[in-house]
Amino acid sequence: MSDIDVLLQETRSFPPPSDFRVTARVHDARLQDDASMDPVNFWAREASELTWSKPWDTVLEWTPPHAKWFQGGQLNASVNCVDRHIHGPRRNKAAIIWEGEPGDRRTFTYWDMYREVNLAANMLKKLGVVKGDRVAIYLPMIPEAIFAMLACARIGAVHTVVFGGFSPESLRDRINDCGCKVLITADGGYRRGQIVPLKRNADEALKDCPTIEHVLVVMRRRSGVGDETFAEMQEGRDHWWHRLKRQVPKHCEPEVMDAEDLLFILYTSGTTGKPKGIVHTTGGYMTGVASTTKYVFDLKEEDVYWCTADIGWITGHSYLVYGPLANGATQVVYEGAPDWPEKDRFWQICERYGVSIFYTAPTAIRAFMKWGTPYVEKHDLSQLRLLGSVGEPINPEAWMWYHKHIGQERCPIVDTWWQTETGAIMITPLPGVTATKPGSATTPFPGIKTALLDTAGNEIGVGGGLLAITHPWPSMLRTIWGDDARYVDTYFTKWPNRLDLYFPGDGAKRDDDGYLWILGRVDDVLNVAGHRIGTMEVESALVDHPAVAEAAVVGKAHEIKGQAIAAFVSLRAGFTPSGSLRDELREHVAMKIGALARPDDILFSADLPKTRSGKIMRRLLRDIAEGRALGDTTTLADPSVVAALKDQYEAQE
Ligand code: 6R9
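Residues numbered from 1 in each chain as written. Predicted model: local features only at pLDDT ≥ 70, side-chain atom pairs only at ≥ 80, totals over all residues. Heavy atoms only, no water.

In the annotation of an unreviewed UniProt entry, the entry for the chain reads Acetyl-coenzyme A synthetase, and the organism field reads Gemmatimonas groenlandica. One UniProt comment on the chain, placed under Catalytic activity (unreviewed entry), says "acetate + ATP + CoA = acetyl-CoA + AMP + diphosphate". Taken from UniProt, the Cofactor (unreviewed entry) comment for the chain reads in full: "Mg(2+)". (UniProt positions renumbered as here; feature names shortened; annotations may be inferred.)

Participant: Describe in detail the overall build of the chain, supporting the description with residues and values.
Facilitator: The number of helices and strands found in the chain is 20 helices and 30 strands. Taking 653 residues into account, the globule formula puts the C-alpha radius of gyration at 26 Å, and the chain, at 24 Å, falls close to it. Its C-alpha atoms give the chain principal-axis dimensions of about 70 × 60 × 50 Å. In the chain, buried positions account for 62% of the 653 residues. Once local pairs closer than 6 in sequence are excluded, the contacts in the chain between residues at least 24 apart make up 71%. Summing over all exposed atoms, the chain offers an accessible surface of approximately 23900 Å²; the carbon and sulfur share of this is 50%. For the chain, the centre of its 73 positive side-chain charges and the centre of its 85 negative side-chain charges are spaced 4 Å apart. (Helix = DSSP H or I, 4+ residues; strand = E, 2+ residues; numbered from the N terminus. Rg over C-alpha atoms; globule rule 2.2 N^0.38 Å. Buried < 20%, exposed > 50% of the residue type's maximum accessible area, 1.4 Å probe, protein only. Contact = heavy atoms within 4.5 Å. Areas by Shrake-Rupley, 256 points an atom, 1.4 Å probe, with all protein chains shown as cover. Lys, Arg positive; Asp, Glu negative; His and termini not counted. Charge placed at Lys NZ, Arg CZ, Asp CG, Glu CD.)

Participant: Break down the UniProt feature "binding site: CoA" (unreviewed entry) in the chain for me, with residues and values.
Facilitator: In the UniProt entry, the feature "binding site: CoA" (unreviewed entry) is given for Arg191, Arg192, Gly193, Gln194 and Thr315. On the basis of their most widely separated C-alpha atoms, the annotated residues across 125 residues do not gather in one place, lying as much as 24.6 Å apart. Mapped onto the elements, Arg192 comes out in the loop between strand 9 (189–191) and strand 10 (194–196). Accessibility expressed as a relative area gives 38% for Arg192, which makes it partly exposed.

Participant: So what about the site of the ligand? Which residues, and what values?
Facilitator: As a structural note, the neighbourhood of the ligand is formed by 16 residues, with Asp415, Thr416, Thr420, Asp506 and Arg521 the closest of them. Asp415 places a side-chain nitrogen or oxygen 2.7 Å from a nitrogen atom of the ligand. When the ligand sits alone it has 530 Å² of accessible area, and the protein chains cover 90% of it. If you list the elements that add at least two residues to the shell around the ligand, you get helix 11 (314–326), strand 20 (413–416) and strand 25 (516–521). (Near = heavy atom within 4 Å. Polar contact = N/O pair within 3.5 Å; in protein donor to acceptor, adjacent residues only side chain to side chain.)

Participant: Go over the pairing of strand 8 (residues 182–186), please, and point to the residues and values.
Facilitator: Counting buried positions along strand 8 yields 5 of 5 residues, so the element is predominantly enclosed. Alternating residues of strand 8 divide into Val182, Ile184 and Ala186 and Leu183 and Thr185, and every residue in both groups is buried. Pairing between strand 6 (residues 134–138) and strand 8: 4 bridges, direction parallel. Paired with Val135 across the strands is Val182, a residue of strand 8. (Pairing = 2+ DSSP bridges.)

Participant: Tell me about the pattern of salt bridges, residues and numbers included.
Facilitator: Tallying each qualifying case throughout the model produces 36 salt bridges. For the salt bridge of Asp83 with Arg154, the shortest nitrogen-to-oxygen distance reads 2.8 Å. With Asp83 in the loop between helix 4 (77–81) and strand 4 (94–99) and Arg154 in helix 6 (residues 143–155), this residue pair connects regions lying 71 residues apart in the sequence. Of the two residues examined, Asp83 and Arg154, each falls in the buried class. A salt bridge links Lys199 to Asp203, with the shortest nitrogen-to-oxygen separation between them at 2.8 Å. In this pair, Lys199 and Asp203 both sit in helix 8 (residues 198–206), 4 residues apart, roughly one turn of the helix. Judged by relative accessible area, which is 0%, Lys199 ranks as buried. Note on Asp203: relative accessible area 22%, which makes it partly exposed. Here the salt bridges share partners, and the residues they tie into one network are Arg45, Glu46, Glu49 and Lys294. (Salt bridge = Lys/Arg side-chain N within 4 Å of Asp/Glu carboxyl O.)

Participant: Just give me the short version of unusual backbone geometry, but keep the residues and values in it.
Facilitator: In this chain, Pro64 is followed by Pro65 through a cis amide linkage whose omega measures 0°. The topology assignment puts Pro65 in the loop between strand 1 (58–63) and strand 2 (66–71). Here the residue pair Trp340 and Pro341 is connected by a cis peptide bond, since its omega of -5° sits within 30 degrees of zero. As for its position among the elements, Pro341 is in the loop between strand 17 (330–334) and helix 12 (345–353). One non-glycine residue, Gln408, lies in positive phi territory at about 50°.

Here it is as structure tokens:
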């Protein structure tokens, strides 16, 4: 059997349930068909749903590889997320239902949001921030994080959110790369019952950040004694959020922003070297996220929406802040870990607030699988009607588990492929229209044009190839901050003389029905004895075995075959590592895919090394498998996992 066809063996298909389809915002295929004929018209129609203070003159100006959308138009993102909801029936609607990890709760209506964002905007102004200045945000998942982002947008400052799990050095590098004037942080945040000392980290970072003039500090730790000891305030530089708030006017006129004015910079890892500051602008980004939130999640007025991402990642920006709020949604925001104090925390939250739309990552789903269904079954999840997945390929087994145990075979699943760079969802089912297949992100969103190409740029009909986006889209990155040459080079030089083709770095394949199956980053695709095998395919096969909770597969240099497969496997509760289980797993993979995919090495591990955003660090596993010294482990959630793995691996060899 051809290796590339393995995922094509997945023949299960789930049409939208008929009761879902009849009430869905999009329930016939026309939107997709009409729109795919003319992206410019589609996006102009979507943009017109936003509130503009001045309409645009031209929809698109495309000088490959640079696009400008809605030129001449003016709008403010905070007005679109807040002000436009306070004059009608949404005025008193809950915008944010927040729960802290220790169990504290706060709810903000759209009117409350309006007040908070205005005050926060005036605080920034008081600290000297003006349009175009950069502001770093290093906060836990608390309501003030959202107020801070929208406050920047209100006064035209460019926010750059740094995930609270990043180290002082990472924070410093990001602040310095874009020259931030102000940093917004908190005394601490809660994670698995521990306090993340954000202010202390920030102080460490700020020893070497010459552009920072002021620090605004949210007091998160309201209860208990000695709160302020987590934050030593530097006279003149540091200001408590709650104190400054009492000193500023209550109303802040929103800055008039051109469509192409910067909204934010978000740093993301490249293949090598320093993180790239991905630049997003106002009109196009807002159009992309507002439209996709509405259609992909079939968002209705009465929904309770929950995206579990942190605002430190693009998913938090697009589908926790700008997309849902632009649509006037009610959403849950949770501060902490899914397994604190117990492994049923997420399901407890879903039950308590009647969550109807739930959007999370495959890595979380696989953790839930590993923890077992009793944690799920304790809770009433009957309000759920739609599930989403994002961040990495979802293996069919995890998809089926999600479908059965969380969606109770009732909820469509939207597997959404996109990136920090794309700003908004690109490839996804439309839940009232698309029949889903476990493991496939299905087809492009309306207005998005993709192609599968070989390295020479030839179109591939059915089979595997490199994913390309062939027409500009409103929420695309505009450049890399301070390095436009790197922008051109990273994304638009994959195919010679084709500056119009965006290369996302992912491989994919298309089946006979035209469905796309994302194989992951092309650097994760293995070539074993001349056969192309997605690491994802082998992982899927491993996870299909009842003993396996999670698996990560890497290529290991091999004298004869070019690459051999090394698999790192964590077992489900009730299974223990053994030589016979190792053999059984190797045979299981050979049986599922073919002998060519039989892993040479299988290493059992209680945990797999992951980045703080939950992606398995295959690069590190490759280093271990190939016996190299370990590279940079600073972005790992838990560096000790790698050290333990390396020791084990060497002992085994
Ligand atoms: C949104 C986000 C982007 C990379 C992307 C791809 C992988 C994301 C996926 C997916 C398969 C999906 N990815 N969603 N792969 N199916 N539904 O995650 O952005 O952090 O920039 O990562 O994640 O490899 O290229 P980002």
